[in-house]
Amino acid sequence: MSPFLAEIIGTAFIIALGDGVVANVVLNQSKGNQGGWIVITMGWAMAVFVGVFCAGQYSGAHLNPAVTIALAVKGSFSWTLVPAYIAAQMLGAMLGALLVWLCYKKHFDATTDAASKLGVFCTIPAIRTPGYNFLTEFIATLVFILAVFYIPKPATGIGSLDALPVAFVVLAIGLSLGGPTGYAINPARDLGPRIMHAILPISGKGSSDWAYAWIPIAGPVAGAVAAALIYNAFLAS
């Protein structure tokens, strides 16, 4: 499998299972309806586990533009490969969101709340305060990237043997720092499904909230760059 295809498939798995658990919890008449935050955070952690495990040996399982950019800033990944990796991650995220919509089509139809429908696809802040929302995504991604840097890994990147530790980091961030913004910590995870929300024929879906969309992109990218710079300046051994 090529690295490009691996990034598409791995990211698609993350979004299909991650957005899928949100759909299961928030959409009407689903068997997991009202399952709560613990179910969502655990589901997202396992989604990351599956994506990283499947793609790790082929692409290093970045599956996140913030990871790709952080590794490039750190000096352990070629900048020439960054655009292709991010393109693959975006395609995978859009594909994963499409799969969730297909699986939950009847539950989208049965749900009248537009915010719940949007929340399946992308993050929505609990209290809309752009400065603090950006800061939350910045800090959460910084923590995520630094933790990833300290997970022993094979030469290819975040390999399959490291899938479980990465999943635990995502779980910890979701439980601890996820409340204010929904912890995107991954620009493709938010932007790709948000695009799908905008273009799919979802009845009563409302706005895709493009005014907020820059925060789960800029916050994670800035946090990832900061993490790489901090690591190189103070923590690398």
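Once a new chain begins, its residue numbering starts again from 1 and follows that chain's sequence as written. Totals for whole chains, interfaces and linings use every residue, but because this is a predicted model, local features are given only for residues with pLDDT of at least 70 and side-chain atom pairs only at 80 or more, for both listing and counting. Hydrogens and waters are ignored; side-chain quantities use all the structure's heavy atoms.

## Here we look at helix α2 (residues 37-59)
Quick reminder: α-helices carry 3.6 residues per turn. Residues three or four places apart thus point the same way. Under the scheme used here, helices are H or I runs from DSSP no shorter than 4 residues and strands are E runs no shorter than 2 residues, and both carry numbers assigned from the N terminus. A helix is expected to reach a length of 1.5 Å times the quantity of its residues less one. Its 23 residues give α2 an end-to-end C-alpha distance of 31 Å, which sits within 8% of 33 Å, the value for a rise of 1.5 Å per residue. Note on bend: at a given residue it equals the angle between the axes fitted to the 7 residues ending there and to the 7 starting there. Where α2 bends most, the angle comes to about 30°, and this point is F53. The complete set of buried residues in α2 reads I40, T41, G43, W44, A45, A47, V48, G51, V52, A55, G56 and S59. In what follows, a contact means two residues having at least one pair of non-hydrogen atoms within 4.5 Å. Where α2 is buried, its residues contact α1 (3-26), α4 (82-103), α8 (163-177) and α9 (187-199). One or two steps after α2, the chain reaches G60, where phi turns positive at roughly 85°. Only protein chains enter the accessibility calculation, which uses a 1.4 Å probe. A residue is then buried if its area is under 20% of the maximum for its type, exposed if over 50%, and partly exposed in between.

## Quick notes on the packing of helix α3 (residues 65-74) against helix α10 (residues 215-235)
Where α3 contacts α10, the two axes come as close as 8 Å, and the packing angle between them is 30°. By the angle between their directions, the pair α3 and α10 is classed as roughly parallel. Once α3 is placed against α10, the crossing between them reads as right-handed. Contacts from A66, I69, A70, V73 and K74 of α3 reach α10 at P220, V221, A224, V225, A228, L229, Y231 and N232. Taken together, the residues of the contact of α3 with α10 sort by class into 11 nonpolar, one polar and one charged. Note on geometry: axes are C-alpha line fits, over the in-contact stretch for helices, and angles between N-to-C directions span 0 to 180 degrees. In these notes the angle categories are as follows: under 35 degrees is roughly parallel, over 145 is roughly antiparallel, 65 to 115 is roughly perpendicular, and the rest is oblique. By the definition used in this description, the sense in which the near helix is turned from the far one sets the handedness, with an anticlockwise turn below a right angle giving left-handed and a clockwise turn giving right-handed. Classes in brief: Ala, Val, Leu, Ile, Met, Phe, Trp, Tyr, Cys and Pro nonpolar; Asp, Glu, Lys and Arg charged; the others, Gly included, polar.

## Observations regarding a nonpolar patch on the surface
Residues Y132, L135, I139, V143 and L177 make up a contiguous nonpolar surface patch of about 440 Å² in total accessible area. Ranked by residues supplied to the nonpolar patch, first place goes to helix α7 (residues 130-149) with four residues. Among the secondary structure elements, L177 is positioned in helix α8. Given a relative accessible area of 31%, L177 falls into the partly exposed group. Two joining distances apply to patches: 9 Å for like charges and 5 Å for nonpolar side chains (Val, Leu, Ile, Met, Phe, Trp, Tyr), and every residue must have over 30% relative accessible area and no salt bridge. Per-residue accessibility takes into account occlusion by the displayed protein chains alone, with areas from the Shrake-Rupley method and a 1.4 Å probe. One side-chain nitrogen of Lys or Arg within 4 Å of one carboxyl oxygen of Asp or Glu is enough to make a salt bridge.

## Let's talk about helix α6 (residues 114-121)
Among the eight residues that make up α6, six are buried, leaving the element largely enclosed by the rest of the structure. Within α6 the residues assigned to the buried category are S116, K117, L118, G119, V120 and F121. Looking at the packing, one finds that the buried side of α6 touches α1, α4, α5 (105-110) and α9.

## As for the UniProt feature "transmembrane region" (unreviewed entry) in the protein chain
Under the present numbering, the feature "transmembrane region" (unreviewed entry) in UniProt falls on residues 6-27, 39-59, 79-104, 134-151, 163-185 and 211-234. Secondary structure across residues 134-151 comprises 89% helix and 0% strand; the distance between its end C-alpha atoms is 26 Å. Taken as a whole, residues 163-185 contains 65% helix and 0% strand, while its terminal C-alpha atoms sit 17 Å from one another. UniProt positions are given in the numbering used here, feature names are shortened, and annotations may be inferred rather than shown by experiment.

## Things to note about the pattern of salt bridges
With the rule as written, the count across this model stands at four salt bridges. A salt bridge links D19 to R189; its shortest N-O distance comes to 3.7 Å. You can see D19 sitting in helix α1 and its partner R189 sitting in helix α9, a full 170 residues away along the chain. Taken individually, D19 and R189 each receive the classification buried, so the pair is uniform in this respect. For D209, the salt bridge is made with R128, and the minimal N-O distance between the two is 2.7 Å. Within this pair, whereas D209 is found in the loop between α9 and α10, its partner R128 is found in the loop between α6 and α7, the two being separated by 81 residues in sequence. For R128, a relative accessible area of 46% translates into the label partly exposed.

## Focus on the side chain of T11
Tracing the sequence through the fold places T11 in helix α1. With residues up to four places along the chain from it excluded, the contact list for T11 reads L63, Q89, G92 and A93.

## Thoughts on the environment of T68
Along the chain, the position of T68 falls in helix α3. Each C-alpha atom of the pair T68 and W79 lies 9.0 Å from the other, and the pair is 11 residues apart in sequence. When residues no more than four places from it in sequence are discounted, the contact partners of T68 are H62, F77, V82, Y85 and Q89.

## With respect to unusual backbone geometry
Its identity as a non-glycine residue notwithstanding, Q29 has a phi of 65°, on the positive side. Within the fold, Q29 resides in the loop between α1 and α2. The exposed category is assigned to Q29, whose relative accessible area is 67%. In the Ramachandran plot, A61 falls in the positive-phi region, its phi being about 55° despite a non-glycine side chain.

## Side note on the environment of Y183
For Y183, the location among the structural elements is in the loop between α8 and α9. The class for Y183 is buried, based on a relative accessible area of 5%. Sequence spacing of Y183 and P216 is 33 residues, and the spatial spacing of their C-alpha atoms is 8.2 Å.

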